[in-house]
Amino acid sequence: LFDGVYPFYPQKRKAAVFDVSIIIVIVVFLTFTCSFLLIIPGIRGRARLYWILRVLLSLVVGVVIVVVQFTGDWETGWVKANTTYKSFSHALVNVDIGLHVGLMGVNVTLMGNPVNQLNETINYNEHFTWSFEGNYDHSYNEGLEKGLPSPILYVAEKFTTQSPCGLHRQYRISSHYASAILWVAFCTWLISNMLFSMPVLVYGGYMLLVTGAFMIFSLLSFSTVRNSPMCLIQFGTAALHTGYGGSFWLTLVIGLLCFASGIAVVTLHYFNLNLLKTFFDLHEDNAKEYQEMTEVYINPHFVNKGL
C-alpha cells in the first residue's frame, strides 16, 4: 500500500457530469432558437403565436432526435449491495451500482453509501463504448489497467465479446440499427421543414408521419434485445435488473407527437384548408394581396383588337 491506496490506481476517478457531445448539440439548437427569437418582434398579429408554435415544436423534435443518439439512458438499472471494492481485498463497502445502456455504449456507475468509505471517495461513472469507432474489449482492458473497482469491472465484463452472456452482440447490433434509423428520421425531419417552407403543406405533413414512423422503428430495433434471455448480474443476494430509460420514453413521446402533427396537417388539408393556411400564415397574405388590388386598369388598345 502507498498512503492507503493500491499502487496500480494511478489517480482518483471522478464521476462524469455531462456528455460533451450533448452539450454541443444543445448549444447549436439554442443558437437557432435565440436567432429566431430575435426576429419574432417583426411578425405581427396572431401570426407571431403561430410562428412560435411551429418553430419551437420543430426545434424540439430535431434536438431530441440528435441528442438521444449520445445519451446513455435508453436502458437503466440500479441495485444496492454490499460488495468488495478492490481486487486482492476482502473489505466490503455499501454501494449503489447503476447500469446505463445507450446507443454508443455502456455506462457503469458506482456510488458509495456514504460516499467516503475506506478512506476513499467512491463516486465513479465509467463509459465503455461499442460504436464503430471504438472497441469495447479495448475499453474494458483499459479499465483493467487503470485498476477500476471490482463492481464496475464485473458489470462491464458481462458485455465483452468473450462473455458467455452474449450481451455484447445483442445490444451492439440493436443499438447500431436504432442509431441509423434515427439519423434517417433526422433527414426526413429536415425534408418536412423544407416542404413547409416552400410551402407544400400536405407533403410536409406526410414527411412528419414518416419521421414519426422511423422513430418508432428505432425503438422497435432497440427493444429486440428483450427477446433474448438476459444474463443475471448478481451481487450477493441482490440482482441488477434493467428497464427502459428516459431516452427511450422521450423518443416514443416525440415520435407520437410527429404522428399527431402529421395527421393534423393532412386532415386539415382535406377538410379545412383555410384553417391550415391561417396557421402557416398563408391565408392572411393572400387576403392582403386581394385587398391591395382594389382597381383594375385595362388598356383599351388591346380590348379594341379583341385581345
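Here the residue numbering is sequential within each chain, running from 1 through the sequence in written order. This being a predicted model, a pLDDT of at least 70 is required before a residue's local features are given, and a value of 80 or more before pairs of side-chain atoms are given or counted; all residues contribute to the totals for chains, interfaces and linings. Based on all heavy atoms of the structure, the side-chain values leave hydrogens and waters out of the count.

In this section: the UniProt feature "transmembrane region" (unreviewed entry) in the chain. UniProt positions are given in the numbering used here, feature names are shortened, and annotations may be inferred rather than shown by experiment. In the numbering used here, UniProt assigns the "transmembrane region" (unreviewed entry) feature to residues 20–39, 51–71, 91–110, 177–196, 202–225 and 246–271. Within the segment residues 20–39, helix and strand shares are 100% and 0% respectively, and the terminal C-alpha atoms sit 30 Å apart. The numbering of helices and of strands both runs from the N terminus, where a helix is a DSSP run of H or I of at least 4 residues and a strand a run of E of at least 2. What you have in residues 177–196 is 100% helix and 0% strand, and the ends, taken at the C-alpha atoms, are 29 Å apart.

Note on placement: Ser 58 falls in helix α2 (residues 47–67). The class for Ser 58 is buried, based on a relative accessible area of 15%. We define a polar contact as two N or O atoms separated by no more than 3.5 Å, with the added condition that, inside protein, one atom must be a possible hydrogen donor and the other a possible acceptor, whereas residues neighbouring each other in sequence contribute only through side-chain atom pairs. Among the polar contacts made by the side chain of Ser 58, one reaches the side chain of Asn 193 at a distance of 2.6 Å. The residues touching Ser 58, leaving out its near neighbours within four places in the chain, are Trp 189 and Asn 193. Throughout this description, buried means an accessible area under 20% of the type-specific maximum (1.4 Å probe, protein chains only), exposed means over 50%, and partly exposed covers the range between. The contact definition used throughout considers only heavy atoms, calling two residues in contact when any of these lie within 4.5 Å.

Two faces belong to every sheet, and in a regular strand the side chains alternate between them. With 8 of 10 residues buried, strand β2 (residues 92–101) is to be regarded as a mostly interior element. With 7 bridges joining them, β2 and strand β3 (residues 105–117) adopt antiparallel strand pairing. Across the sheet, Ile 97 pairs through a bridge with Leu 110, a residue of β3. Once β2 ends, the chain turns through 3 residues before running back antiparallel as β3. Strands are treated as partners if at least two bridges between them are detected by DSSP.

Glancing now at the packing of aromatic side chains. Classification of ring pairs rests on two measures: the distance between centres of Phe, Tyr or Trp rings, Trp counted by its six-membered ring, which must be within 6.5 Å, and the angle between planes, read as stacked under 30 degrees, edge-to-face over 60 and tilted in between. Summed over the entire model, instances satisfying the criterion amount to 22 aromatic pairs. The interplanar angle of 90 degrees and the centroid separation of 6.0 Å between the aromatic rings of Trp 183 and Phe 186 together place this pair among those described as edge-to-face. Remark: Phe 186 and Trp 183 occur in helix α5 (residues 167–197); sequence separation between them is 3 residues, near one turn of the helix. With a relative accessible area of 17%, Phe 186 lands in the buried category. Ring centres 5.5 Å apart and planes at 80 degrees place the aromatic pair Phe 279 and Phe 280 in the edge-to-face group. By way of ring pairs, the aromatic residues Trp 74, Phe 128, Trp 130, Tyr 136, Phe 159, Tyr 171, Phe 222, Tyr 244, Phe 248 and Trp 249 are connected into one cluster.

Turning next to the packing of α2 against α5. The angle between two axes is taken between their N-to-C directions and runs from 0 to 180 degrees, where each axis is a line fitted to C-alpha atoms and a helix contributes only its stretch in contact. Axis separation between α2 and α5 bottoms out at 9 Å; the angle between their running directions is 160 degrees. Put simply, α2 runs roughly antiparallel to α5. For the pair α2 and α5, the crossing hand works out as left-handed. Note on element contacts: α5 touches α2 through Leu 182, Trp 183, Ala 185, Phe 186, Trp 189 and Asn 193, opposite Ser 58, Val 61, Gly 62, Ile 65 and Val 66. Looking at the contact of α2 with α5 residue by residue, the classes come out as 8 nonpolar, 3 polar and no charged. These descriptions rest on fixed angle ranges, namely under 35 degrees for roughly parallel, over 145 for roughly antiparallel, 65 to 115 for roughly perpendicular, and the rest for oblique. Definitions for this section: a left-handed crossing has its near helix turned counterclockwise from the far helix by less than a right angle. A right-handed crossing has that turn clockwise. Think of it as three bins: nonpolar holds Ala, Val, Leu, Ile, Met, Phe, Trp, Tyr, Cys and Pro, charged holds Asp, Glu, Lys and Arg, and polar takes everything else, Gly as well.

On to the pairing of β3. In this sheet, strand β4 (residues 120–129) lies alongside β3 in antiparallel orientation, the contact comprising 9 bridges. Each bridged residue has a counterpart across the sheet, and for Thr 109 the counterpart in β4 is Asn 125.

A few words now on the nonpolar core. If you look at the biggest cluster of nonpolar residues, it comprises 61 residues, and the most contacted ones within it are Phe 29, Trp 74, Leu 99, Leu 110 and Phe 159. The dominant element in this core, judged by the number of residues it contributes, is α2, at 9 residues. Contact partners of Phe 159, with chain neighbours within four places excluded, come to Leu 99, Val 106, Trp 130, Tyr 136, Leu 167, His 168 and Tyr 171. Counting residues in hydrophobic clusters, the runner-up holds 6 residues, among them Leu 201, Val 265, Leu 276 and Phe 280. Definition of nonpolar core: a set of buried residues of the types Ala, Val, Leu, Ile, Met, Phe, Trp, Tyr and Cys, connected through side-chain atoms within 4.5 Å.

This part is about the packing of α5 against helix α6 (residues 201–223). When two helices pack together, their arrangement is captured by the angle between the axes and the distance separating the axes. Packing of α5 against α6 leaves a shortest axis separation of 8 Å and a crossing angle of 170 degrees. When the axes of α5 and α6 are compared, the pair comes out roughly antiparallel. Partitioned by chemical class, the residues of the contact of α5 with α6 number 19 nonpolar, 9 polar and no charged.

Our next topic: the confidence of the model for the chain. For the chain, the average pLDDT comes to 82, and 84% of its residues sit at 70 or higher. Residue-level confidence of the predictor is what pLDDT reports, using numbers from 0 through 100. Between residues 7–17, whose pLDDT stays under 50, and residues either more than four places distant or in other chains, the model counts 21 contacts. The low-confidence segment residues 284–294, where pLDDT is below 50, has 2 contacts with residues more than four positions distant or belonging to other chains.

A few words now on the pattern of salt bridges. By salt bridge we mean one thing: a side-chain nitrogen of Lys or Arg within 4 Å of a carboxyl oxygen of Asp or Glu. Summed over all chains, the structure comprises 2 salt bridges. Here Lys 80 makes a salt bridge to Asp 96, at a shortest N to O gap of 3.1 Å. Taken together, the residues span a long stretch of sequence, with Lys 80 in strand β1 (residues 75–84) and Asp 96 in strand β2 at a distance of 16 residues. Of the charged contacts in the structure, one is a salt bridge between Lys 86 and Glu 120, with a shortest N-O distance of 2.2 Å. Taken together, the positions of Lys 86 in the loop between β1 and β2 and Glu 120 in strand β4 put the pair 34 residues apart, joining distant regions of the chain.

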